[in-house]
Amino acid sequence: MGATILDGKKLAAEMRADIAAQVAKLKAERGITPGLGVILVGMNPASISYVTAKEKACADAGMLSRDIRLPESATQGEVIAAVSDLNGDPAVHGILVQLPLPKGIDESAVINAIAPEKDVDGFTPVNVGRMMIGERCYLPCTPHGIIQMLVRAGVVTSGKHAVVIGRSNIVGKPVAHLLMRKAEGGNATVTVCHTGTRDLAAFTRQADILIVAAGHPQTVTGEMVKPGATVIDVGVNRIPDPSRPKGYRLAGDVDFDSVSQVASLITPVPGGVGPMTITMLLYNTLAAARA
Ligand code: NAD
């Protein structure tokens, strides 16, 4: 293997220790304990495990979390009422609605109900608009976590060609925006690939920095990567594996074995982008409590 592993778990632990120290300081100096309100609808196993991990991370950082769990049968009105409840709770500084929501519930309507000053996921139109025009806002957690990883690992982005695979509102579009903005971890020339892209490999082979958020395992293999590139694998896929206690293993969107022979730096799955995403949620919740 040629590539160095970009260890998201280690970077996240360093950042979380710093956040915990700042939480303790905020409590001691201003008597404020940052609080995260979490809404989970239904029993999607992946969503349950994400919410559990986020709540544990909150507790570890000295933050409070308030959990609202609704059944799969909850109506859109009930979910929006839960959001309103958290909007009005002074102990809750940030709100997280775990996506995806069950079919029949309009995710945009629910997200739009979150008070922008509590939108620590950075998903509301107000936050997205502020980000686009460079105003102060909560940056969305996964894209912000990716930029933090690049910066903390000393990867130069300015003047480089970054190629993003994926154009979703939660990963592809915002990470492309952050990579292109004139700021630390940005100033790159950015190409966004998606399902309408013809000859994906022709683009990925040009990437100094390749961000893969396609949601399919093996989307990128070794021969699609420029030698020496930095490869960030955002994908989280459950691959059936009877030899594992849970019956599955996690894999990213990148074929780690072949790509790690060609890249200079690569994130693993698990232990790459995931821990950074949760860390940026804590970071935004702390900022919301301070505000
Ligand atoms: P999504 O399904 O909303 O979007 C996937 C995007 O990839 C689409 O825009 C599509 O056009 C593009 N795409 C799919 N196949 C492609 C192909 N073969 N060639 C080019 N483009 C292709 O997914 P998402 O919500 O953006 O998430 C992407 C992945 O990242 C998923 O595996 C998800 O689980 C994971 N994810 C991880 C974290 C984390 O913290 N680690 C956070 C969010 C999402």
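Structure shown above.
Position labels on residues start from 1 in each chain and follow its written sequence. Totals for whole chains, interfaces and linings use every residue, but because this is a predicted model, local features are given only for residues with pLDDT of at least 70 and side-chain atom pairs only at 80 or more, for both listing and counting. Excluding hydrogens and water, the side-chain figures rest on all heavy atoms present in the structure.

**Describing the overall build of the chain**
Thought 1: Of regular secondary structure, the chain possesses 10 helices and 11 strands.
Thought 2: The globule rule puts the C-alpha radius of gyration for 291 residues at 19 Å, and the 19 Å found for the chain is close to it.
Thought 3: If you line up the chain on its principal axes, its C-alpha atoms span 50 × 40 × 35 Å.
Thought 4: By the burial criterion, 49% of the 291 residues in the chain qualify as buried. Helix and strand labels come from DSSP, where a helix needs a run of H or I of at least four residues and a strand needs a run of E of at least two; each type is numbered from the N terminus. Throughout, radius of gyration means the C-alpha value; the globule benchmark is 2.2 Å times the number of residues raised to the power 0.38. Throughout this description, buried means an accessible area under 20% of the type-specific maximum (1.4 Å probe, protein chains only), exposed means over 50%, and partly exposed covers the range between.

**Describing the packing of helix 6 (residues 141-152) against helix 10 (residues 273-290)**
When two helices pack together, their arrangement is given by the angle between the helix axes and the distance between those axes.
Thought 1: Whenever a helix is involved, its axis is fitted only over the stretch in contact; in every case the axis is a line through C-alpha atoms, and angles between N-to-C directions fall within 0 to 180 degrees. One way to put it is that helix 6 packs onto helix 10 with a least axis distance of 8 Å and a crossing angle of 110°. Comparing their axes, helix 10 and helix 6 come out roughly perpendicular. Of the residues in helix 10, those in contact with Cys141, Thr142, His144, Gly145, Ile146, Gln148 and Met149 of helix 6 are Val273, Met276, Thr277, Met280, Leu281, Tyr283 and Asn284.
Thought 2: Split into classes, the residues belonging to the contact of helix 6 with helix 10 amount to eight nonpolar, six polar and no charged. Relative orientations are named as follows: roughly parallel for angles under 35 degrees, roughly antiparallel for angles over 145 degrees, roughly perpendicular for angles from 65 to 115 degrees, and oblique for any other angle. Should any heavy atoms of two residues lie within 4.5 Å, those residues are considered in contact. For this classification, the nonpolar set comprises Ala, Val, Leu, Ile, Met, Phe, Trp, Tyr, Cys and Pro, the charged set comprises Asp, Glu, Lys and Arg, and every other residue, Gly included, is treated as polar.

**Concerning the site of the ligand**
Thought 1: Any residue with a heavy atom lying within 4 Å of a molecule or strand is counted as near it. Around the ligand there are 20 residues in total, and Arg167, Ser168, Val234, Val236 and Thr277 lie nearest to it.
Thought 2: With respect to the ligand, the backbone of Ala213 contributes an N or O atom lying 3.4 Å from an oxygen atom.
Thought 3: Between N or O atoms, a polar contact is any pair within 3.5 Å; within protein, one atom must be a potential hydrogen donor and the other a potential acceptor, and residues adjacent in sequence are included only when both atoms are from side chains. Within the backbone of Val236, a nitrogen or oxygen atom sits 3.0 Å from an oxygen atom of the ligand.
Thought 4: The accessible surface values rely on the Shrake-Rupley method and a 1.4 Å probe; as for residues, cover is taken only from the protein chains in view. Summarising the interface, the protein chains cover 72% of the accessible area of the ligand, which totals 860 Å² for the free molecule.
Thought 5: The leading source of residues in the shell around the ligand is helix 10, at three residues.
Thought 6: When the residues that make up the shell around the ligand are grouped by side-chain class, the tally is nine nonpolar, 10 polar and one charged.

**As for the packing of helix 1 (residues 8-30) against helix 10**
Thought 1: Orientation of helix 1 relative to helix 10, taken along the N-to-C sense of each, is 15°, at an axis distance of 9 Å. One way to sum up the angle between helix 1 and helix 10 is to call them roughly parallel. Crossing hand, helix 1 versus helix 10: left-handed. Packed against helix 1, whose contacting residues are Gly8, Lys9, Leu11, Ala12, Met15, Arg16, Ile19, Gln22, Val23, Leu26 and Arg30, the element helix 10 presents Pro275, Met276, Ile278, Thr279, Met280, Leu282, Tyr283, Leu286, Ala289 and Arg290 at the interface. The handedness criterion is simple: a crossing whose near helix is rotated anticlockwise from the far helix by less than a right angle is left-handed, and one whose near helix is rotated clockwise is right-handed.

**Section: the sheet that holds strand 1 (residues 4-5)**
Sheets are built from strands that pair by backbone hydrogen bonding, the pairs being arranged parallel or antiparallel.
Thought 1: Ordered in space as 1-11-8-7-5-6, the six strands form an open sheet in which the pairing is parallel. Looking at the sheet topology across the chains shown, the edges are occupied by strand 1 and strand 6 (189-193).
Thought 2: Pairs of strands are assigned from DSSP output, requiring at least two bridges between the strands. When strand 5 (residues 161-165) meets strand 7 (residues 209-212), the two strands line up parallel, connected through four bridges. Directly across from Val164, in strand 7, lies its bridge partner Ile211.
Thought 3: Each of strand 5, strand 6 and strand 7 is contacted by helix 7 (residues 172-180), which is oriented at about 170° to strand 5, the strand it contacts most.

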